[in-house]
Amino acid sequence: MQNSHKEHTTLISVASLLADAIEHYGLDYRPIVREAGIDPDKYYGPNERLPVNRLQKIWRLAVERTGDPCFGLTYASYIQPASLHGMGLAWLASDTLKDGLKRLVRYQRVVSTALDIQLEEENDRYHLIFRSTAYTAQPVPASIEAMLASFFRMCRITAGPDIRPMDVMFSHDNPGCAKRLEQFFDSQVGFSAKDNRIVFDKSVLESPLSSAHPELARVNDMMCHRLPQTFRQERYCNSGKGANY
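Since we're looking at a predicted model, the values are computed, not measured.

Analysis parameters
- The residue numbering used here restarts from 1 in each chain and proceeds along that chain's sequence as written.
- For a predicted model such as this one, the threshold for reporting local features is a pLDDT of at least 70, and the threshold for listing and counting side-chain atom pairs is 80 or more; totals across whole chains, interfaces and linings nevertheless cover every residue.
- Side-chain figures throughout are based on the complete set of non-hydrogen atoms in the structure, without hydrogens or water.
- Put simply, DSSP H or I for four residues or longer makes a helix, DSSP E for two residues or longer makes a strand, and each gets a number counted from the N terminus.
- Relative accessible area decides the class of each residue, using a 1.4 Å probe on protein chains only: under 20% of the type maximum gives buried, over 50% gives exposed, and in between gives partly exposed.
- When checking whether two residues touch, look at their non-hydrogen atoms; a contact exists if any pair is within 4.5 Å.
- Throughout, the Shrake-Rupley method with a 1.4 Å probe supplies accessible areas, and for residues the shown protein chains are the sole cover considered.
- Pairing between strands is defined by DSSP: at least two bridges between the two strands are required.
- We call a pair of cysteine sulfur atoms a disulfide whenever their separation is within 2.5 Å.

**Examining the overall build of the protein chain**
Stage number 1. Within the protein chain one finds 12 helices and 9 strands.
Stage number 2. Residues classed as buried in the protein chain amount to 51% of the 245 residues present.
Stage number 3. Sequence separation of at least 24 residues holds for 73% of the intrachain contacts in the protein chain that already meet a minimum separation of 6.
Stage number 4. Working note: accessible area of the protein chain is about 11,400 Å², and carbon and sulfur atoms make up 49% of it.

Below you can see the structure in the form of structure tokens.
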């Protein structure tokens, strides 16, 4: 039986970037976070997690308060390898972008238990596919755009700014900022598709990376393996010394 939307959680370092993105617009994130049912003054350890249903409330409020339908792109501008725990650092040290994306698929539950990501090969291209089957309600479109944009930004951090996809598709309707999305991805962007995906030329993903560091990648793989495969809902209620939301 599939877990309900309320049972899914997201890593605190990923969730906390919402605060940075909200403050980018000159707004105080604390009232928004508090309205979503999260105490903004708590301290969280680096392995702690927040519930996806409350984070979706923050996404909805953030889009409303900022008035920016492409708020997800602002969020993505703050993503760094360390934001994704050991998986992000292992990705950075991968032999190829394909290896990095395979790590994303393998360790996706470290980032969020609500993710359903697959890397599929088709002739001369790879499809990085994001599905939202874990949700009982339609996720906020900006949160889906942020997810694709964040992982594409990771590709550029790893392989350089000239990386571009062949195609980008979203399952939701056009949010009204398609041109900004196309500028970010440097690619055609489609909407109302059957799923969310980024399509890459196979040669782009299979080219060796100058940043490859097999030993460093293995160390961070081990860190990801040590994290539990499932996360108990009460973990996000624990407080401890660490990052402030």
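**Here we look at the sheet that holds strand S5 (residues 125-131)**
Stage number 1. Strand order in the open sheet made by the 5 strands is S4-S5-S8-S6-S7, with mixed pairing throughout. Each end of this open sheet is capped by a strand with a single partner; those strands are strand S4 (116-122) and strand S7 (189-190).

**Some words on the state of the cysteines**
Stage number 1. Considering all chains together, one arrives at 1 disulfide under this definition.
Stage number 2. At a sulfur-sulfur separation of 2.0 Å, the disulfide partner of Cys 70 is Cys 177. Across the S-S bond of Cys 70 and Cys 177 the torsion is about 90 degrees, and the bridge reads as right-handed. Remark: Cys 177 occurs in the loop between strand S6 (167-169) and helix H10 (178-185) and Cys 70 occurs in the loop between helix H4 (52-66) and helix H5 (71-76); sequence separation between them is 107 residues. In terms of burial, Cys 70 and Cys 177 fall into one category: buried.

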